[in-house]
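Single-letter residue listing:
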Amino acid sequence: MTSIKEQAAISRLLSFLQDWDNAGKVTRSHILNNFIEANQGKTAPELEQEFSQGASLFLVRLTTWLRLTYMTGSCLEKLLKSIGIFLSAVSSNRYLIEFLEVGGVLTLLEILGLEKIKDKDKKESIKLLQVIANSGRKYKELICESYGVRSIAEFLAKSQSEETQEEVQVLLDSLVHGNPKYQNQVYKGLIALLPSASPKAQQLSLQTLRTAQSIVGATHPSIVDYVLSVLRTIHLEVQYEAIELIKDLVNYDVCTALLKGLVDLLIPSVKETSKLQPKILNDSTVLQLTARLPVFLQQAAAAKAIGVLARNNISLAEEMLHLRVVHSLMAAMGNTDHSNSQRQASLTLEMFPVVEEHVRRSMGEELYKLFRSNAEDLYMKIDSIQADVLAANEVNVTRALNLSGLSYSSMSFYLGPRDQEQLAYITHFQEDMEGKE
C-alpha cells in the first residue's frame, strides 16, 4: 500500500504528463526550458526520484515528439538537449535502450541530412550520437550499420560551423576506436573527405586519419593520391596537417609511391601549366592569379614536405636522390611564376649536401655562391637567364650514387661542415666512368 507522500508524488507526475500532452508548441518549449535548467547533470536515480520512478514516461513522450516534428525543426535544439539529459545520465543504460528501440539512431542521422534544419540543431544531434557511441562497441556498430559513417562524413563536409565540425571530429574519432568490425569503414570515410571544399573539414579529417591509420594498420591504395591532392590548398593549416600525415605514411607500404609522387609534383605537367597560356595572352593581371594556381601551390608544398622528410630521415633522403629529387628541386627553383616554389625548393635542396658538387657544376659558380650565401632569398636575386638554367638543368646524381656504391647515410647530412674527400670521390668516380664510355 502506497503512502500519502508517494501518492502525492504520483499525482504530481500524472499532472505534469497531462500538462505536456495538452500543451501546444509554445508551452512545451517552456516545459523543456524548465526541465533542462532543473535536471542538467543529474544521474539516472536522481531523475527517477524527480519523476517518482516514472522518468521513462516523459522520455517516451520526448522521443515521440522528436519523431513527429524533427523534419520541421520545431524546438529541436531544446528537445535534443532534453533527451541528452536522459542518455548522458550516470547509470542511464535503460534510457539508452528505450531510445534506440524506437529508432533513435536513424532519426539522429536523418536530422544531419535535412537542409532546413539549423546547424545548431544538428550539433545537438551529433552530441547525442557521441553519447551513444561512447556507451560501448555494440552501439558504435549500430551507428555504422545504420549508414552512419556516410551521413556523418557528408555533414562534416557541408557544415558551415567550425564548432560543429569539431564535434563531428570527436564523433568520428570515437567510432574508429574500439570498433574493429567497422574501423575500416570509418577510415575510408575519412579519406573520402579529403577532396572536400571545406578547409576545416579537410583539416579535421587529416588529423583523425593519423589516428585511424595507426589503428587500421594497412593503408588504402587511394590514400597517396588523395593526400597529395590536398597539397593544392591555399590554407596553411590544412597543408600542415597533410605534411604531418605524410610523415606518418612513409612508415607504411605506400612509402615509395608517396616519395615518387612528391618528387613528380616538383615539375608540373605541361597539361597543368598550359592552363595559364590563354590567361597570359588575354589578362594583364595574370601574374596575380598564378600565385594562387593550385598546381604551383602543390609544387611549393611538395618541396616543403620533401625537406621535412629529408631532414628527419636519412634513408628517405637517399631514396629520393635515386628518384632524381635534386633535378626536380632545381627545376622548381627556376619557376619564376611562383616565388614560394622557388623559396621552398631552395631550402629543401640544402638538405641534400652529398651532391653539392653536381649542383655547383650545373648552376655555375656565380649562381652557386648566391645559393650558398642565402638559399631562402635566392629567388629575389636571380635573373631570367639564371632561372632558365635552373629550370632546364639536367642534373642526374642517380648513376653516380649507384656507381660509387656509397650510401647517403654514410655521409654528412646538412650543408654545414662537409666531408670534401667523399664528395670529391663521387664526382671523380662519375667523371672517370664517363671518360671510359
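Here the structure is a predicted model, which means the values were calculated and not measured.

Chemist: How should the overall build of the chain be read in this particular structure?
Modeler: Regarding its fold elements, the chain presents 29 helices and zero strands. By residue count, 50% of the 437 residues in the chain fall in the buried class. Residue pairs at least 24 apart in sequence account for 73% of intrachain contacts in the chain once pairs closer than 6 positions are excluded. Carbon and sulfur atoms make up 52% of the accessible area of the chain, which amounts to about 21,100 Å² in all.

Chemist: Just checking my understanding: could you explain the side chain of Asn 39 for this structure?
Modeler: Here Asn 39 lies in helix α2 (residues 25-39). A relative accessible area of 2% means that Asn 39 is categorised as buried. In this view, Asn 39 contacts Leu 47, Glu 50 and Ile 85; residues no more than four positions away in its chain are not counted.

Chemist: Would you mind showing me how to read the environment of Ile 246 here?
Modeler: If you trace the backbone, Ile 246 turns up in helix α15 (residues 236-249). On the basis of relative accessibility, which here comes to 0%, the residue Ile 246 falls in the buried class. C-alpha of Ile 246 to C-alpha of Leu 228: the two residues are 18 residues apart in sequence and 8.8 Å apart in space. When neighbours within four sequence positions are excluded, Ile 246 is seen to be in contact with Val 227, Leu 231, Leu 258, Leu 262 and Leu 309.

Chemist: Would you explain the nonpolar core in this entry?
Modeler: Considering soluble globular proteins, one finds that nonpolar side chains tend to be buried as a cluster. In terms of nonpolar packing, the biggest core is built from 126 residues, with Val 325, Val 326, Phe 352 and Met 363 touching the most fellow members. In contact with Val 326, not counting residues within four places along its chain, are Leu 321, Leu 349, Phe 352, Val 355, Val 359 and Val 395.

Chemist: Please clarify how helix α6 (residues 93-101) should be interpreted in this entry.
Modeler: Three or more residues of α6 are buried, namely Tyr 95, Leu 96, Phe 99 and Leu 100. For α6, the angular spread of the buried residues around the axis is 130 degrees, confining them to a single face. Following α6 by one or two positions, Gly 103 has its phi on the positive side, about 80 degrees.

Chemist: I would appreciate a short explanation of the packing of aromatic side chains in the present structure.
Modeler: Two aromatic rings are characterised by how far apart their centres lie and by the angle between their planes. The tally for this structure, following the rule as stated, stands at eleven aromatic pairs. A ring pair is formed by Phe 35 and Phe 86, whose centres lie 5.5 Å apart and whose planes are at 15 degrees; its orientation type is stacked. You can see Phe 35 sitting in helix α2 and its partner Phe 86 sitting in helix α5 (residues 76-87), a full 51 residues away along the chain. Across the pair, Phe 86 and Phe 35 agree in class, each one buried. Within the aromatic cluster, the residues linked to one another by ring pairs are Phe 16, Trp 20, Phe 35, Phe 51, Phe 58, Trp 65, Phe 86 and Tyr 95. For the cation-ring pair, Arg 28 lies above Trp 65, with the distance from its terminal atom to the ring centre recorded as 5.1 Å.

Chemist: How should the packing of helix α13 (residues 199-216) against α15 be read in this particular structure?
Modeler: Packed helices, taken two at a time, are described by their axes: the angle between them and the distance between them. Running from N to C, α13 and α15 cross one another at 20 degrees; their axes reach a closest spacing of 9 Å. Judged by the inter-axis angle, α13 sits roughly parallel to α15. Regarding α13 and α15, the two cross each other, and that crossing is left-handed. Contacts from Pro 199, Gln 202, Gln 203, Leu 206, Gln 207, Leu 209, Arg 210 and Gln 213 of α13 reach α15 at Glu 237, Val 238, Glu 241, Ala 242, Glu 244, Leu 245, Asp 248 and Leu 249.

Chemist: Is there a simple way to explain the pattern of salt bridges in this structure?
Modeler: Pairing is possible between side chains that carry opposite charge, provided their charged atoms lie close to one another. Evaluated as defined, the whole model comprises 19 salt bridges. Note that Glu 77 is salt-bridged to Lys 81, the shortest N-O span being 3.7 Å. One end of the pair, Glu 77, and the other, Lys 81, are both in helix α5, four residues apart, so they sit about a helical turn from each other. Across the pair Asp 248 and Arg 210 runs a salt bridge whose closest N-O atoms are separated by 2.8 Å. Highlighted residues: Asp 248 in helix α15 and Arg 210 in helix α13, separated in sequence by 38 residues.

Chemist: Help me out: how do you make sense of the confidence of the model for the chain in this one?
Modeler: For residues with low pLDDT, the predicted coordinates do not support detailed interpretation. Mean pLDDT over the chain works out to 88, with 86% of the residues at or above the 70 mark. With pLDDT under 50 throughout, residues 409-437 is counted as low confidence; its partners more than four residues away or in other chains account for 57 contacts.

Chemist: Even after reading the chapter, I still don't get the packing of helix α14 (residues 223-230) against α15, so can you show me in this structure?
Modeler: Closest axis-to-axis distance for the α14/α15 pair is 9 Å, and the angle between their directions is 150 degrees. Put simply, α14 runs roughly antiparallel to α15. Every pair of crossing elements has a handedness; the one defined by α14 and α15 is left-handed. Across the interface between the two elements, Ile 223, Val 227 and Val 230 from α14 touch Val 238, Ala 242, Leu 245, Ile 246 and Leu 249 from α15. Grouping the constituent residues of the contact of α14 with α15 by class yields eight nonpolar, no polar and no charged.

Criteria and cut-off values
- Residues numbered from 1 in each chain as written.
- Predicted model: local features only at pLDDT ≥ 70, side-chain atom pairs only at ≥ 80, totals over all residues.
- Heavy atoms only, no water.
- Helix = DSSP H or I, 4+ residues; strand = E, 2+ residues; numbered from the N terminus.
- Buried < 20%, exposed > 50% of the residue type's maximum accessible area, 1.4 Å probe, protein only.
- Contact = heavy atoms within 4.5 Å.
- Areas by Shrake-Rupley, 256 points an atom, 1.4 Å probe, with all protein chains shown as cover.
- Core = buried A, V, L, I, M, F, W, Y, C linked by side-chain atoms within 4.5 Å.
- Arc of directions from axis to C-beta.
- Phe/Tyr/Trp six-rings, centres within 6.5 Å; stacked < 30°, edge-to-face > 60°.
- Lys NZ or Arg CZ within 6 Å of the ring centre and 35° of its normal.
- Axes fitted to C-alpha atoms, helices over the stretch in contact; angles between N-to-C directions.
- Parallel < 35°, antiparallel > 145°, perpendicular 65-115°, else oblique.
- Left-handed = near helix turned anticlockwise from the far one by under 90°.
- Salt bridge = Lys/Arg side-chain N within 4 Å of Asp/Glu carboxyl O.
- pLDDT = per-residue confidence, 0-100.
- Nonpolar A, V, L, I, M, F, W, Y, C, P; charged D, E, K, R; others polar.

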